[in-house]
Amino acid sequence: MLKEKTIPVYVKSIIQETPQVKRFTLAPVEETSLPAFSAGSHITTYIDGKERNYSLTNHPDTMDSYQIAIRLSETSTGGSLYWHHEVKVGDTVRVSYPRNHFPLSFKAKHHVFYAAGIGVTPFISMMLELKDQGSSFELHYAARSKELCAFYDFLQANFPHQSHFYFSKGNEAKRLQETTLLEHRIGTHVYFCGPDSFMTDLTEAAVRFDYPRSSIHHERFAPPRPKNAASFQAQLTRGEVIHVEKDQTFLDALLEAGIQAPFSCRVGRCGTCELKVFDGIVDHYDSFLSEEQKSAQNVILTCVSRAKSGKLVIDF
Amino acid sequence: MSGNITLVPGKRHYLFCADEEGIKLLQPLIDVVKDGNISYEIQIVKDNWNPILSSEWLRVQKMGSFLYATAEWNVLKKLKQLAEDAGFSEEEAQYIGYGKEQIKVFCCRCHGISVLEKGQPERNCDHCGLLLEVSDHYSQLRDAFLGYVAKL
């Protein structure tokens, strides 16, 4: 597996944001400052043998700490469970350098952020930066209730005019409607972050309402899960035949076979793991390739995409 | 900018902005949109045209709108700039010019900009006098084509 350089940090503070969300402030162990990052960036944390990506929620000008917010997932496979139950103030952990697969568009005249639950995290740094620049933006944030709404007080204090909340529980329950998209003025770029169905529904609605594809942005926390994934074989041009189980990603199968395949985000967002396909039909699940590139059927992002045919011939 | 007028179908609101000659070119599209009972607006640019009014009109439009701008080239360039400032992307507008189009050429020696009619292969630089051959190397930053030395 490829090893990337990591940064040792210690847990400076832990704040219980909501019953399910904890906010961790991470400070440098060895240096006085941490590498700079841009609004919308995330870091990968390496704890208990697991890699997890979390958005940085502090101001992009902050150099003395990184702040992340983690929701305890009901279906946690160890990441959020460990952070919530094992990590204490003073503990040392290793994190990656910041990466940004979800940058702000420099072309937008107005930025509109749509968040559900913990999906609000990348938007915090984005809004802090836009506010400093005097740029135009608004947030539409769906949560079950005010009590379960992470960063509620912070958002009310810092962006009272830009924040719109939708709480689905309670007497005055209000749901976020996709028809809100119809009201945005020309030059708007929309950004979606939250559960898979939330992003899929809003992306489809934006396309239906004639938003150009280039004005629609989204970030996934977890890779999309194919409903009926099947096992398949990949014939590499250098000789090996890799068998990919139905509950395994192609990338993981390559790495487990000892093959130094390239990768970075693992959620089909960055394109680092792209390999050429010589034969076979690819079932694309990434959000990196254009529709045209997907139709061409000559590349695959191994971290999320699979085979529609039983076999692929891969240039590697 | 394109000389082909094609209806981009399926948009939720169409905007037609044209001078008096341009509106005639757009009429077939306007008829299609009218017949289809699709939402649309028309703004006609006249001699006493006030760009501020066009700018305000463009800025209040919603996402999902599609703009057709048709005018004599010099007016069209101003309209295109207003539309881009309002936020219209290349995917949300079509610009159709008519008449004689003027282009700019960037002098490779003195970096001055000269204006000439499109199609003119050579031109003396207005600033240093060098005879320039107009290339197809276009700079978005300068909104000009690079002019090479025509004769050594």
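Predicted, not measured: the structure shown is a model, and the values here were computed from it.

1. Focus on the overall build of chain A
In step 1: Within chain A, the secondary structure is distributed over six helices and 18 strands.
In step 2: Projecting the C-alpha coordinates of chain A onto the three principal axes gives extents of approximately 60 × 50 × 35 Å.
In step 3: Scored against the burial criterion, the 316 residues of chain A give a buried share of 52%.
In step 4: Pairs at least 24 apart in sequence give 64% of the contacts found in chain A among residues at least 6 apart.
In step 5: Split by element, the accessible area of chain A, about 15,000 Å² in all, is 48% carbon and sulfur.
In step 6: Of the charged side chains in chain A, 34 are positive and 36 negative; the average position of the first set lies 2 Å away from that of the second.

2. Re empty space enclosed by the protein
Residues and elements named next belong to chain A.
In step 1: Inspection of the entire model under this criterion finds two cavities of 30 Å³ or more.
In step 2: Approximately 90 Å³ is the volume found for the largest cavity.
In step 3: Every residue along the wall of the largest cavity is listed here: His-42, Asn-53, Ser-55, His-101, Glu-219, Arg-220, Phe-221, Cys-265, Val-267 and Arg-269.
In step 4: Among the residues making up the lining of the largest cavity, the classes are represented as three nonpolar, four polar and three charged.
In step 5: Taken together, Leu-251, Phe-263, Ser-264, Cys-265, Arg-266, Gly-268, Arg-269, Cys-270, Gly-271, Cys-273 and Cys-303 make up the full set of residues lining the second largest cavity.
In step 6: Class assignment for the residues of the lining of the second largest cavity results in six nonpolar, three polar and two charged.

3. A few points about the sheet that holds strand E7 (residues 110–116) of chain A
Residues and elements named next belong to chain A.
In step 1: Here five strands make up an open sheet; going across it, the order is E9-E8-E7-E10-E11 and the pairing parallel. On the outer flanks of this sheet lie strand E9 (163–167) and strand E11 (216–219), each paired with one strand and no other. Adjacent strand axes in the sheet meet at a mean angle of 15 degrees, parallel and antiparallel pairs treated alike.
In step 2: When E7 meets strand E10 (residues 188–193), the two strands line up parallel, connected through six bridges. Residue pairing for E10: Tyr-114 is matched across the bridge by Phe-192.

Thresholds, definitions, all that
- Each chain carries its own residue numbering, running from 1 in the direction its sequence is written.
- Whichever chain is written first is A, and whichever ligand is written first is 1; the rest continue in order.
- For this predicted model, a pLDDT threshold of at least 70 governs which residues receive local features, and a threshold of 80 or more governs which side-chain atom pairs are given and counted, while totals over whole chains, interfaces and linings are taken from all residues.
- Think of the side-chain values as coming from all heavy atoms in the structure, minus any hydrogens and water.
- Strands are runs of DSSP state E lasting at least two residues, helices are runs of H or I lasting at least four, and both sets are numbered from the N terminus onward.
- Each residue's exposure class comes from its accessible area (1.4 Å probe, protein chains only) as a fraction of the maximum for that residue type: buried when under 20%, exposed when over 50%, partly exposed otherwise.
- It only takes one pair of heavy atoms within 4.5 Å for two residues to be counted as in contact.
- Each accessible area is a Shrake-Rupley estimate made with a 1.4 Å probe; only the visible protein chains count as cover when residues are assessed.
- The positive count covers Lys and Arg only, the negative count covers Asp and Glu only, and His and the chain ends enter neither.
- To locate a charge, take NZ of a lysine, CZ of an arginine, CG of an aspartate or CD of a glutamate.
- Lining residues are those with an atom within 4 Å of a point, where the points come from a 1 Å grid over the protein atoms alone and group into cavities, where a 1.4 Å probe fits but cannot get out, or pockets, open sets with protein on both sides within 12 Å along at least five of seven lines.
- Grid points are joined across faces, edges and corners, and a volume is the space filled by probe spheres set on the points.
- When residues are grouped by polarity, Ala, Val, Leu, Ile, Met, Phe, Trp, Tyr, Cys and Pro land in nonpolar, Asp, Glu, Lys and Arg in charged, and all others, Gly among them, in polar.
- Any two strands with at least two DSSP bridges between them are considered paired.
- Axis definition: a line fit to C-alpha positions, over the contact stretch in the case of helices; interaxial angles, taken between N-to-C directions, run 0 to 180 degrees.

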